[in-house]
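Observations on the model geometry
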Amino acid sequence: MTVPFPFLGNAAWLDFVNTELSNGDDKIELLTGFDAFMRWGREAKLIDRGEGHVLENAAPERFHPDAVFEEALALRAELRKAVGDLTNGQTPGSPLLDQINKLLGDHPAVLSLKRTEGTWQIGSKPVVTGPRSVLARVAEDFARFMATADPMLLRRCASERCQIYFYDTSKNHTRRWCSMEFCGNRAKVAGHRSRLQRSRP
Ligand SMILES: [Zn+2]
């Protein structure tokens, strides 16, 4: 059974970190290989369906799938470390900064000003797309996050068994769960059960 990628982070870089899940003691790896990584890139809308296929099928000599996949896992590990640092009020280290700036330098993007749903936004389109540009767009998302977001609103799901991170954009900043479906309801049911047990004579 293929576990669907969770897109619960409210930020592409957090969704990327959340491709490694936990079920208590066991890790659940969703990036099982290069193809899974590309599928994530398309589902995250960081690469166009068509563009991804062209590069994957027609020009494999332009990149090495194993090397890109290895780089993806290494970047994800660094970002996971960063999310831990940020939630503890610490600053991510400079090796990650170097990695981010290398990706951004290797894969420049064309910026544009656009108006979407009544708000002004800066659009960004990569000059060249391909497997590694997915990582560059993750890097760009992380860079924008560091420059504009409030790290105090970075949270880990309140379930101890779950290691999904998200950026709390809820109105009163009271979001506790990765999702009601995954962990919220499970916690509610567990709470209900323990209350029932306690009320029994
Ligand atoms: Zn959760």
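Look above for the structure.
Residues numbered from 1 in each chain as written. Predicted model: local features only at pLDDT ≥ 70, side-chain atom pairs only at ≥ 80, totals over all residues. Heavy atoms only, no water.

With 46 residues, the main nonpolar core has Trp 13, Phe 16, Phe 37, Trp 40, Leu 75 and Leu 79 as its most contacted residues. Put simply, the parts of the chain that give this core at least two residues each are α1 (12-17), α2 (34-43), α4 (65-87), α5 (94-106), α6 (131-148) and β6 (165-167). When residues of this core are assigned to their parent elements, the largest contribution, eight residues, is made by α4. Contact partners of Trp 13, with chain neighbours within four places excluded, come to Leu 79, Val 83, Leu 86, Val 138, Asp 141, Phe 142, Phe 145 and Leu 154. (Core = buried A, V, L, I, M, F, W, Y, C linked by side-chain atoms within 4.5 Å. Buried < 20%, exposed > 50% of the residue type's maximum accessible area, 1.4 Å probe, protein only. Helix = DSSP H or I, 4+ residues; strand = E, 2+ residues; numbered from the N terminus. Contact = heavy atoms within 4.5 Å.)

Before going further, it helps to examine α6. Compared with an ideal rise of 1.5 Å per residue, which puts 18 residues at 26 Å, α6 spans 27 Å between its outermost C-alpha atoms and is within 8% of the ideal. Taken as a whole, α6 has its buried residues at Pro 131, Ser 133, Val 134, Leu 135, Ala 136, Arg 137, Val 138, Ala 139, Glu 140, Phe 142 and Phe 145. (Expected span 1.5 Å × (residues − 1).)

Now for the coordination of the zinc ion. On the protein side, the zinc ion has Cys 157 (SG), Cys 162 (SG), Cys 178 (SG) and Cys 183 (SG) as donor atoms, found 2.3 to 2.4 Å from it. Geometry at the zinc ion is tetrahedral, judged from its four donor atoms and the angles of 104 to 116° they form at the metal. Between consecutive donors of the zinc ion, the numbers of intervening residues give the motif C-x4-C-x15-C-x4-C. Of this pair, Cys 157 sits in the loop between β5 (154-156) and β6 while Cys 183 sits in helix α7 (residues 180-199), and the two are 26 residues apart along the sequence. (Donors = N, O, S within 2.8 Å, 3.2 Å for Na, K, Ca; no water. Tetrahedral: all angles 85-135°; square planar, octahedral: opposite > 155°, others 65-115°.)

Each pair of packed helices gets described by two things: the angle between the helix axes and the distance between those axes. Running from amino to carboxyl end, α4 crosses α6 at an angle of 15°, the nearest separation of the two axes being 10 Å. Between α4 and α6, the angle is such that the two are roughly parallel. In terms of crossing hand, the pair formed by α4 and α6 is left-handed. In contact with Val 68, Glu 71, Ala 72, Leu 75, Leu 79, Ala 82 and Leu 86 of α4, α6 contributes Pro 131, Arg 132, Leu 135, Val 138, Phe 142 and Met 146. The class makeup of the residues in the contact of α4 with α6 is eleven nonpolar, no polar and two charged. (Axes fitted to C-alpha atoms, helices over the stretch in contact; angles between N-to-C directions. Parallel < 35°, antiparallel > 145°, perpendicular 65-115°, else oblique. Left-handed = near helix turned anticlockwise from the far one by under 90°. Nonpolar A, V, L, I, M, F, W, Y, C, P; charged D, E, K, R; others polar.)

With that settled, the discussion passes to the pairing of strand β1 (residues 20-23). Examined bridge by bridge, β1 and strand β2 (residues 26-29) share four bridges and lie antiparallel to one another. Within β2, the residue paired with Ser 22 across the bridge is Lys 27. Once β1 ends, the chain turns through two residues before running back antiparallel as β2, passing Gly 24 with a positive phi of about 75°. (Pairing = 2+ DSSP bridges.)

Attention now goes to the pattern of salt bridges. Working definition: two side chains of opposite charge can pair if their charged atoms are close together. Under the defined criterion, the tally for this structure stands at eleven salt bridges. For Asp 106, the salt bridge goes to Lys 102, with nearest N and O atoms at 2.8 Å. Residue Asp 106 and its partner Lys 102 are located together in helix α5, separated by four residues, close to a single helical turn. Look at Asp 106 and you get partly exposed, because its relative accessible area is 36%. Through salt bridges with shared partners, a single ionic network connects Glu 20, Glu 29, Arg 76 and Arg 80. (Salt bridge = Lys/Arg side-chain N within 4 Å of Asp/Glu carboxyl O.)

Turning our eyes to something else, we now look at a nonpolar patch on the surface. A contiguous nonpolar patch, built from Leu 111, Leu 113, Trp 120 and Ile 122 and spanning about 500 Å² of accessible area, is present on the exposed surface. Listing elements by their share of the nonpolar patch, those giving two or more residues are β3 (109-116) and β4 (119-126). Examined against the element boundaries, Leu 111 turns out to sit in strand β3. Since its relative accessible area comes to 54%, Leu 111 is described here as exposed. (Patch = residues over 30% accessible without salt bridge, like charges linked within 9 Å, V, L, I, M, F, W, Y side chains within 5 Å. Areas by Shrake-Rupley, 256 points an atom, 1.4 Å probe, with all protein chains shown as cover.)

Moving on to α5. With 13 residues, α5 should reach 18 Å at 1.5 Å per residue; the first-to-last C-alpha distance of 18 Å fits that figure. Listing the buried residues of α5 in full gives Leu 96, Ile 100 and Leu 103. Looking down the long axis of α5, one finds its buried residues gathered within 65° of arc, a one-sided arrangement. In α5, those exposed residues whose orientation departs by more than 90 degrees from the buried face are Pro 95, Asp 98 and Gly 105. Looking at the buried positions of α5, the neighbouring elements they touch are α4 and α6. (Arc of directions from axis to C-beta.)

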